[in-house]
Amino acid sequence: LSLEPTSTVPVMYVAELDVTFYIGDNITQTIYGQVNFTVEGVDRNSEKAKYKALKNIKSTNSECVGLLKQAKEKIIEFYNSKCDFILKEAHTLASQNKHDAAIYKLTSVPDVCKDCYDQCMDAVVPIYQQKIDRDCEMKLAKAEGIWNASQDMRSAEEAGYILSTIEPEAACFKKA
């Protein structure tokens, strides 16, 4: 807000800052809470005066504690009210073979949202299985293509390497 020198000797600087803290989700652009402080700091150096002003904000301040409590409640409410949508979006992503995005979506639900978290963790297992099964089929097809194109030592080594990267829990592992 302001940075003014004093008329004293030595010259001191008085920094007045307006500081706002937000708690939000950058991806969805949702703000769960905010708090604003006006603080002052004084020092011989203008930059240090600003720093001292910021140091006057204590995390134990009742407004900071209230911000965290309010934001936590809103985050829990958000995830609990959107759980069906999160699950549906994850299943849609998985059906489009975007398994990593689906798993990320499901694992981004915080564990403090117990019911939604449990549902999402239960949904991760079959999607992960779909992922490794699809990966297995693709690697198996690639290895077969390499081997069928040229049945020599180099092709055998290349196909063998590809097959060695298949997840043992995949459905086609025995075939591979």
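Residues numbered from 1 in each chain as written. Predicted model: local features only at pLDDT ≥ 70, side-chain atom pairs only at ≥ 80, totals over all residues. Heavy atoms only, no water.

Draft legend 1. A look at helix α2 (residues 62-95). The end-to-end C-alpha distance of α2 is 47 Å, a good match for the 50 Å that 34 residues give at a rise of 1.5 Å each. In the structure, α2 departs most strongly from a straight axis at K82, where the bend amounts to approximately 60°. If you check which residues of α2 are buried, you get C64, L67, A71, Y79, C83, I86, L87, A90, L93 and A94. Residues of α2 that are buried sit in contact with β2 (13-25), β3 (30-43), α3 (99-107) and α4 (114-149). Between a side-chain oxygen at the N-terminus of α2 and the backbone nitrogen of E63 the separation is 2.6 Å; the capping residue is N61. Just downstream of α2 lies N97, where phi reads positive at about 60°. (Helix = DSSP H or I, 4+ residues; strand = E, 2+ residues; numbered from the N terminus. Expected span 1.5 Å × (residues − 1). Bend = angle between axes of the 7 residues up to and from the residue. Buried < 20%, exposed > 50% of the residue type's maximum accessible area, 1.4 Å probe, protein only. Contact = heavy atoms within 4.5 Å. Polar contact = N/O pair within 3.5 Å; in protein donor to acceptor, adjacent residues only side chain to side chain.)

Draft legend 2. How the structure looks around the state of the cysteines. Throughout the structure, instances matching the rule amount to two disulfides. Here C83 pairs with C116 through a disulfide, and the sulfurs are 2.3 Å apart. Between C83 and C116, the S-S dihedral sits near 95°, and the bridge is therefore right-handed. Here C116 lies in helix α4 and C83 lies in helix α2, a separation of 33 residues in the sequence. We classify C116 as buried; its relative accessible area is 1%. The disulfide partner of C136 is C172, and the gap between their sulfur atoms is 1.7 Å. Taking the torsion about the sulfur-sulfur bond, which here is approximately -120°, the covalent link between C136 and C172 counts as left-handed. Residue C136 is located in helix α4, and its partner C172 is located in the segment after α5 (153-164); the two are separated by 36 residues in the primary sequence. In the protein, the bonded cysteines, numbered by position in the sequence, are linked as 1-2, 3-4. (Disulfide = S-S within 2.5 Å.)

Draft legend 3. Just the environment of P168, in detail. Relative to the helices and strands, P168 is located in the segment after α5. The partly exposed category is assigned to P168, whose relative accessible area is 48%. The spacing of P168 and S59 is 109 residues in sequence and 49 Å in space, taken between C-alpha atoms.

Draft legend 4. Local environment of α4. In a regular helix each residue adds 1.5 Å, so 36 residues correspond to 52 Å; α4 covers 52 Å between its end C-alpha atoms and thus fits that length. For α4, every residue scored as buried is listed here: C116, C120, A123, V124, I127, I132, C136, L140, A143 and I146. Those residues of α4 hidden inside the fold are in contact with α2, α3 and α5.

Draft legend 5. Region of the structure containing the sheet that holds β2. Strand order in the open sheet formed by three strands is β1-β2-β3, with antiparallel pairing between adjacent strands. Strands at the two margins of the open sheet, each flanked by one partner only, are β1 (2-5) and β3. Pairwise comparison of adjacent strand axes, ignoring direction, gives a mean angle of 15° for this sheet. Examined bridge by bridge, β1 and β2 share four bridges and lie antiparallel to one another. (Pairing = 2+ DSSP bridges. Axes fitted to C-alpha atoms, helices over the stretch in contact; angles between N-to-C directions.)

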